[in-house]
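Observations on the three-dimensional arrangement
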Amino acid sequence: MKLKRKLLVGLLTLCMAVGMAVPAFAAGDPLTISFYYGGAEYGYYQMGWVDVGDIDTDAGRFYATRTIGHVENPGDEPVYTTIEGDINPADKSISSIEPDITMAHLYYDVEVADASSFTVPLPDGPEYRPEGAGFYYTFAAWMVKDGKGGYKALKGSVTAEDVRNAIETDESGNKSVVITAAFHSEIVDKDDLTNKTPSGEYPKYAVILRANGGTFAEDGSDHLYIKPQSMEFSGQDDFFVEATCPKPENGDMVFAGWYRDEACTDGPITYLSIYNDLKDEPYGAAPYAPIDLYAKWESKGAESGTTVKDLTASDTNVSISLTDGVPEDATLSADTIAQESVLESRPELKEELPGLLSIYDISVRQNGETLEIKDNPMTVKIPLNDHLKGYKYYQAVYLGDPLERFDAVVEGDFLVFETDHLSQYAILGSNTPFETSEKPTTPTDPADPADPTDPAKPEQQGKPSEQIESPQTGDSSNMALWISLMMVSCGGLLGMLFYKRKKTAAGK
C-alpha cells in the first residue's frame, strides 16, 4: 500500500510539473506594426501628389482610415466613427463601405506572430508634392517612440528591441505599435517668418538652429531658420528634429544633438510637438517668434579618452572587441532573430545556410540610434549555449548581399569569429568541413569527439546538420503535443490505480 501511495504521489507531482510547464511554452503575443505614411486628401493621392512607393501587399495590408463625427439628435455630442478602406496600389482605388473617403490617413500594416522576437524590413518611405508645385517633400526616416519622451530613427529593418518601449495594448489585449514617416524640414529665410504667405497668413511654426560654435554647410552661416514639413503632408503634430533637420559642422568636433539652452543642459531634443512646443508668441500675433535650439559638441574620443573598444550586450552576453573605439556611452545590441521571418523574406538563404543554428542582429547604438560600424576589424564572441554545442566546425555568415563567410572557433565558453562590420549574422554548425573552413574547432566535449563522417550533432544522432533549428518564436505545437500525451498518460495511470484500489476494497 505504501508503494502505491508513493507511486500515486509521484504521478501527481509529475502531472503538476507538466501543467506548470505549459505557460513557459505558450505562444508569444502577436503584434500589429502600423507604418503611418501620413494623411492626405485622397484626390492628391490619386493624382500622384502622394507617392507611397512600392508596397508589398503579400506581406501586409495597405489601407486608409478616417475618423468622422456626426450628431444623431440636435444638441447631442458628436458621435465619432472610424471608417476604413483597402487601397489597391495598382490603380490607387479605395474600396470601402464608406465610398466618400476624401481625407484619409494612409497605413501599411504588418502582422508578426511573436512581439518578443522578430525582424521586419522597413517599407518604402512616401514623398509628397504640394498642389501645383514642381518639387517634393522628401522622406527622411521611419520614426518610433524611444520610451523617453522622444523618437528614434530606424534603419533597414525594425526589430522587437526597436519597439520594446513603444508597444501599446488595447482593452482587448491586442498589441500594436505605430511607426511614423518623417519628412525633411524646410530651410526658410527670416523674411518668410514676417511676410504673409500667398494665402494671407503668417508662418506659425519654426525653429532657429544655432550652430553654437560651428557652421552650416548650406550657406556657411551659424544659424538656420527651419520649418517642419510633417504638418504640410500629414496633419501630424510631430516635428522630428533630430532626423529631419540639417546638422552643422565644427572642425574635429562631433555633433551631439540639439538642446534648448546654449549651455546644452536641457536636451537632447529629438522631437517637438508642433502645437504644444511651437506655440504662437503671443497667441494670434504676428510675426511669430520661433524657438531656439543649440548644437552640442563633443571631442573625438582618441584625444579625450572618451572611447571604448570592448562592449557586451547585457541581455545575451554577446561581446565585441573593436580596433577603433566608439563613444563611451555607446551600447551593444545583440539579439537573436526568428529564423522564419528572415527565411521568408529571403527564401534563397534556405539553401545557402546548411546547418543553421541561430541568427543574431548585432549593432552598436548611441542615444537610441544605430552607429555605422564598418572597416573596423573586431572580434565577436557569442556564448556557446546548449543549442550551439557539439559541432566540430562552425561558420558565421554575414547576411548582406553578397553573403560573407567567416570561420568561427570555440574558445572556452564562447564561439569566436573575426569581422570588420556589424549587422545580421547567421551561425552554422557541422561535423564536416565547410567549403571555406580551414581547421576544425575544439569539440565541446573532448572525451566524446564528433565523428567527422557524421554531420549529426553528438547529442542528437540522426538529425541532419542542414535541418534548421529555429529559436522559440511562439510555435510550440510539438511541445504541446508532448505535454498532451503526458497528461493523458498521467490520467490513464491514475485511473488504473483508483480502479485497482476500489476493486481491492470491494473484495475485502
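Up top you'll find the structure we're talking about.
Residues numbered from 1 in each chain as written. Predicted model: local features only at pLDDT ≥ 70, side-chain atom pairs only at ≥ 80, totals over all residues. Heavy atoms only, no water.

**With respect to the layout of surface pockets**
Defined as follows: Every definition here rests on a 1 Å grid over the protein atoms only: cavities are sets of points where a 1.4 Å probe fits but cannot get out, pockets are open sets enclosed by protein on both sides within 12 Å along at least five of seven lines, and lining residues have some atom within 4 Å of a point. Grid points are joined across faces, edges and corners, and a volume is the space filled by probe spheres set on the points. Here a helix means four or more residues in a row that DSSP labels H or I, a strand means two or more in a row labelled E, and each is numbered from the N terminus. Polar here means any residue other than Ala, Val, Leu, Ile, Met, Phe, Trp, Tyr, Cys and Pro, which are nonpolar, and Asp, Glu, Lys and Arg, which are charged; Gly is therefore polar.
In this structure, the largest pocket occupies an estimated 1,100 Å³ of space. In this structure, the largest pocket is lined by 40 residues; those nearest its centre are F255, P327, Q366, N367 and L371. The greatest single-element share of the lining of the largest pocket, amounting to five residues, is contributed by strand 17 (residues 254-259). Within the lining of the largest pocket, the residues separate by chemical class into eleven nonpolar, 14 polar and 15 charged. Considering only enclosed or pocket space, the second largest pocket measures out at about 750 Å³ in volume.

**Examining unusual backbone geometry**
As a rule of thumb, non-glycine residues mostly have phi less than zero, and peptide bonds are mostly trans rather than cis. The test is simple: Burial here depends on accessible area, computed with a 1.4 Å probe over protein chains only, as a share of the maximum for the residue type. Under 20% is buried, over 50% is exposed, and the range in between is partly exposed.
A cis amide bond, omega 0 degrees, links G267 with the succeeding residue P268. On the secondary structure map, P268 appears in the loop between strand 17 and helix 5 (274-277). A positive phi angle is found at N212, which is not glycine, with a value near 55 degrees. Examined against the element boundaries, N212 turns out to sit in the loop between strand 15 (207-210) and strand 16 (223-227). Judged by relative accessible area, N212 falls into the partly exposed class, the value being 24%. A positive phi angle is found at N317, which is not glycine, with a value near 65 degrees. Following the sequence through the fold, N317 ends up in the loop between strand 19 (307-312) and strand 20 (319-327).

**Some words on the environment of E411**
Within the secondary structure, E411 sits in strand 26 (residues 404-411). Separated by 30 residues in the primary sequence, E411 and K381 place their C-alpha atoms 8.9 Å from one another.

**Here's the deal with the pattern of salt bridges**
Rule in force here: Salt bridge, as applied in this entry: a Lys or Arg side-chain nitrogen positioned within 4 Å of an Asp or Glu carboxyl oxygen.
According to the stated counting rule, one finds eleven salt bridges in the structure shown. In this structure, the salt-bridge partner of K145 is E168, at a minimum N-O distance of 3.9 Å. Of this pair, K145 sits in strand 9 (residues 139-145) while E168 sits in strand 12 (residues 168-169), placing them 23 residues apart in sequence. Residue classification places E168 among the partly exposed positions, given a relative accessible area of 48%. Across the salt bridge formed by K389 and D386, the nearest N and O atoms sit 3.6 Å from each other.

**Points about the packing of aromatic side chains**
Filter applied, for reference: Only Phe, Tyr and Trp rings are paired, with Trp represented by its six-membered ring, and only when their centres lie within 6.5 Å; those with planes under 30 degrees apart are stacked, over 60 edge-to-face, the remainder tilted.
As enumerated under the stated definition, the model contains 19 aromatic pairs in all. With centroids separated by 6.0 Å and ring planes inclined at 85 degrees, the aromatic side chains of Y391 and Y394 adopt a geometry described as edge-to-face. A centroid spacing of 6.2 Å and a plane angle of 55 degrees characterise the contact between F406 and Y425, whose relative ring orientation is tilted. Highlighted residues: F406 in strand 26 and Y425 in strand 28 (residues 424-430), separated in sequence by 19 residues. Within the aromatic cluster, the residues linked to one another by ring pairs are F35, Y37, F62, Y108, F139 and W142.

**So, the nonpolar core**
Threshold: To qualify as a nonpolar core, a set must consist of buried Ala, Val, Leu, Ile, Met, Phe, Trp, Tyr and Cys residues joined through side-chain atoms within 4.5 Å. Note on contacts: a residue pair is in contact if any heavy atoms of the two residues lie within 4.5 Å.
Grouped together as the largest cluster of nonpolar side chains are 36 residues, with contacts concentrated most on I33, F35, Y37, F62, L106, V158 and I179. When residues of this core are traced back to their parent elements, those giving at least two are strand 1 (31-41), helix 2 (42-46), strand 3 (61-70), strand 6 (103-112), strand 9 and strand 13 (175-183). Dropping the residues within four chain positions of it, I179 is found in contact with I33, S34, F35, Y36, W142, M143, V144, L154, V158 and V163.

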